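Structure at a glance
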Amino acid sequence: MIRIPFLDGWTVGPKLGAFEARGPETWRPVTLPHDAIRDLPRSAESDQGVHTGYHPGGVFEYEKTFDVPVEWRDKTVIVEFEGVYRDAAVFLNGDLIAHEPNGYSSFSAVLDPYLRFGDANRLTVEAKAHKDSRWYSGAGIYRPVHLVVADPLHFALDGLRVTTPDIDAGRAVVAVAATVENDTRHARTTRVTWSIAGPDGSEIATTSAPVTVLPGEAATARARLVLPSPRLWSVEDPALHVVDATLNDEQGTPIDRDTARFGIRRLQLDPQHGLRINGEVVKLRGACVHHDNGALGSATIDAAEDRRVRLLKAAGFNALRSAHNPMSRAMLDACDRHGVLVMDELTDVWTRSKTAFDGAGSFPDRWERDVAALVAKDFNHPSVVLYSIGNEILELGTPAGAAWGRRLAEGVRALDDTRFVTNGINGIIANLDRMSEAMAEAEAQSSSDGIAPDARESDPNTMMAGMGEQMARMNASQLVTESTEEAASVLDVVGFNYADSRYELDAELFPHRVIVGSETFPEKIDVMWGLVERLPHVIGDFTWTGWDYLGEAGIGRVDYTDAEGYVPTGTAGPYPYLLAESGDLDITGHRRTISYYREIVFGLRTDPYIAVHRPQHHGRPIAMTPWSWHDAVSSWTWDAAPGEPVLVDVYAEGGEVELLLDGVSLGVAPVGEHKAFLARFVTEYRPGELVAVARTGGVETGRHVLRTAGEATLVARAEEPEIAVDGLAFVGIVLEDAAGSVPCDADVLVTVQVEGPAVLAGVGTGRARTEESLAGPSITTYDGRALAIVRPTGPGEITVTVSAAGRPAASVSVVAA
C-alpha cells in the first residue's frame, strides 16, 4: 500500500464534555505532527512536576474535515497513525472506529463502513496525558498520519518484508515476502512482481510469483533472489537496497504497489567475539535518547529526527537506544541512511506501575499488539540489531516477572528471529521490595559507613545517586544474581543498567552470557569503555544520554550550594528547571564539553580539548548527581578581571599536556592524575590565545586553541540553504567575533521573525533552568547561542531575521522546494 500524508487541515483544542459549549477562541489550526502540551503554561504547582519539566497534562481533541468522492465507494480506505499520545480514541462522523491505549504504537482503522461518499466527513481524535510518564511525553498526534486508498485486493500495511538469510563473499540471498489481503467476496488469483535496485538505483534482480487469495483472507507470496557481489550494509558503509513490489490482477493490470528499503548484513553473537556485523567485531558506542525533539516538543518531524541522528554520529556514537519506547519510523530511516545501530525498546513498564496512570493496567491485554506493532515497524530496517523488551521493570526479580520476560521474548522471536532480544535490567530497581536485604548484604561487604539514610527513603533516582560505590556492591550481590537469573536467561544479550560491577563477575558465573551496558552514568565513560574494550562478552555501552531532553528536569544539573536559599532536592531540579541537563549534545544539537571527552575516550579524536570552568564560580562548593558533568565551557572569553583564578581542564589521551597563554607556558600537567583522559590546571584568567599541547613520550600528538573574542556581532546561520517543502530549516543564532570566537557570559534576548512561506516552529537553547517558551519568538541566548526552527508552509524563499536590542539585526534566507 502507498501511504498518503494526511497532515494538513487539522484543528486542535481542549476536549470538552457532551454538555459543554465549545468556544472558537480555544481551537486553532495545526499541521501534524503536533505536540498539544509544549505551549501550555508551566507552573511549580503542576501535579506532573519534575517528570514533565513542570508542564501540565490535559485532554485534547483534534479534528479534520475531508471530502470523500463517490469513486471511493469501491475502495478500501484506511487511516494510519504512527503514534498518538495517549489513550487515543478515533471517531469518524461521530462513530468510534479505533482505540489505542499505547502512546507509542502505530495503529490503523478501516474507514469504509463509516464514510459518507460524495460528502464531507469529520475525523476526530481524542488524546490525553496526565501523570502517566516519568519524562516529558507531550500529547496529541505527535507522529505522522497517513491515508491509504486502495483496491479491495491490496498489499497489507507493512506487508512487504525482506530478510537476507544467506550471505557469503560472492553473493547474497534476499528473501522477500508480500502479504496480500482480499476484501472482496470472491477468490482472486493475482501475481506479485518484485524488483530490487542496488544502492546506485539500478535494477539488479527481479522475479514474480502467483498468489491466490480467498475472500476475506490474506495470503503471503514469497520468493528468494540471488544478488551477485552486493554491497553490504554496515556502520561505515550504510548501503541501502530497495525492493519494489507490484500487485497485478488477473488481467495483468497493476492494482497496488509497495516499496521497502533494506540492507544486506549478517549478524553474529557470542561471548568470545561479542557482536559481529558481516564478520567484523563492532563495539556499540551507544547513546540513550528520549523521543522529544527539544524546541519542537514531542513533534516527530522527519528532518528533526534525521538531524539528531547525523549529529549524534558525528559526535562519535554508532548506536542509539530508544528510551523507553519504540523509536519513530523517521529516526529508524535516518539510522539506516547514516549507519547507526539501534536498540529499539518496547516499554518502560509491564504490569507494575511507575506513575499513577501509566500503561501497566492495560499491558496484559495489549502486549501482543504492542510487540506486533514494534516488529512490523522495525522488520526491514538494517539498523535495528536489538529488541529491548523493557527498562528497569519493577517485577523482573520475581517468578511472575521472569515469566513475563519469557513471554515477551518469545513473542518477539515468533515474529522476528533475525535479531537479538535484550532487556534493560536494574537489579536494584528489580528488588525495591527487598532493599533492606540488599543493602545489608552490600554494607556487610564494605568498611564504609553505608548508604545515607536520606537516600534510603527517597525516589529511586535519588536513592541510586546517594549510594555511591554501594550501588556497585548491591548490583553484584547474591540477591541480585539469584533474583534476575531467570529473567536474564531468556535474553540473547543481557542489558544492565548501572551494573558494570557484574561484567567480570558474570563472565565467571555465566560464561555463555553476552552483556551490554544498556544504561550507564555519563561521567564514568572512561571506566565503562575500558571494560567494553577489555571484555569480549561486553558488546557496548549506552550512556544516559546522548541528547538532552525535556522533563526529568535537572537530573544532570550542577548546583552551587552556597547560593542564597539553596535547598538540596536530590535529583529533582526545582522549578523552573525544564531540561534534564544530561546529554552529550544539548537540545539544540550543540556539543557540550562531555561530548569531546567521550570522543577522546572512544579513540576517535587525537587533538586535546580545552574545557574552562566558569571563572565567576571559582572555588564555590558544588553538588552534582551521577548524571552530571562539570560546569565547563570551551571558551576563553569571560567577563572576569585579569588575574582572577580559573580552573582549566584539558581532555587528552597520552602522557601530559602543556598549557600556554600567548606562547608563555603556564605549566605541564600529567593526564590521568585527577581523572583518566584529563589534565587539570589552576591558573589565572587573562585575555589572549590559550593553547593546549598534548604529548606522549615527549612527542606532540595534537593541540587545541581558544582565543579571546573581539567585538561580537549577532549572526544567523542556516544549516542548509535549501530544504524540502515538508522539511525544516535549522537556523543557528550566535554572538561571535570575526574569527568565530564566542563570548559565553554576554547573553542577550533575541527575537526571531520569519517572512515568506513558513512559520516559526520553535526556539531553544541549552539552558536547563528557564521560564521562556519554546514557541518563541523571543529567547535569551545561552553561552552565546540559540537555535530557531522554521517550518515551510509551501515552496519559495524564506527569510529569517534575528534582532537584539542595541545590535544590528542578522538575516539569512532559505529556499523551500
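Everything below is about the structure shown above.
As a starting point, this report considers the structure included with it.

Turning our eyes to something else, we now look at unusual backbone geometry. Across the junction of Leu32 and Pro33, the peptide omega takes the value -5°, indicating a cis bond. Relative to the helices and strands, Pro33 is located in the loop between β3 (28–30) and β4 (58–68). The amide bond that connects Gly776 to the next residue, Pro777, takes the cis arrangement and shows omega of 10°. Tracing the backbone through its elements, the reader meets Pro777 in the loop between β43 (758–764) and β44 (778–780). The backbone phi angle of Asp87 is positive, close to 55°, even though this residue is not glycine.

With that settled, the discussion passes to the sheet that holds strand β38 (residues 699–707). The antiparallel open sheet is built from four strands, whose spatial order is β35-β34-β37-β38. Where the open sheet ends on each side, the last strands, each with one partner, are β35 (664–670) and β38. Shown here is a sheet whose adjacent strand axes are inclined to one another by a mean of 20°, direction ignored. With eight bridges connecting them, strand β37 (residues 689–696) and β38 associate as antiparallel partners. Residue Val691 lies in a different strand from β38, and its bridge partner there is Val705.

Our focus in this paragraph is the pairing of strand β47 (residues 807–816). When strand β40 (residues 722–723) meets β47, the two strands line up parallel, connected through two bridges. Along β47, the bridge assignment pairs Glu722 with Val815. Counting the residues between successive antiparallel strands, the hairpin from strand β46 (residues 796–804) to β47 contains two residues, one of them, Gly806, with a positive phi of roughly 80°.

Close contact between helix α3 (residues 363–378) and helix α4 (residues 399–415) brings their axes to 9 Å; oriented N to C, the two are set at 35°. α3 and α4 meet at a crossing whose hand is right-handed. Here α3 contributes Phe363, Pro364, Trp367, Val371, Ala372 and Val375 to the contact with α4, which in turn contributes Trp404, Arg407, Leu408, Gly411, Val412 and Leu415. Of the residues that constitute the contact of α3 with α4, the class distribution is 10 nonpolar, one polar and one charged.

Rules used in this analysis
Residues numbered from 1 in each chain as written. Predicted model: local features only at pLDDT ≥ 70, side-chain atom pairs only at ≥ 80, totals over all residues. Heavy atoms only, no water. Helix = DSSP H or I, 4+ residues; strand = E, 2+ residues; numbered from the N terminus. Pairing = 2+ DSSP bridges. Axes fitted to C-alpha atoms, helices over the stretch in contact; angles between N-to-C directions. Left-handed = near helix turned anticlockwise from the far one by under 90°. Contact = heavy atoms within 4.5 Å. Nonpolar A, V, L, I, M, F, W, Y, C, P; charged D, E, K, R; others polar.

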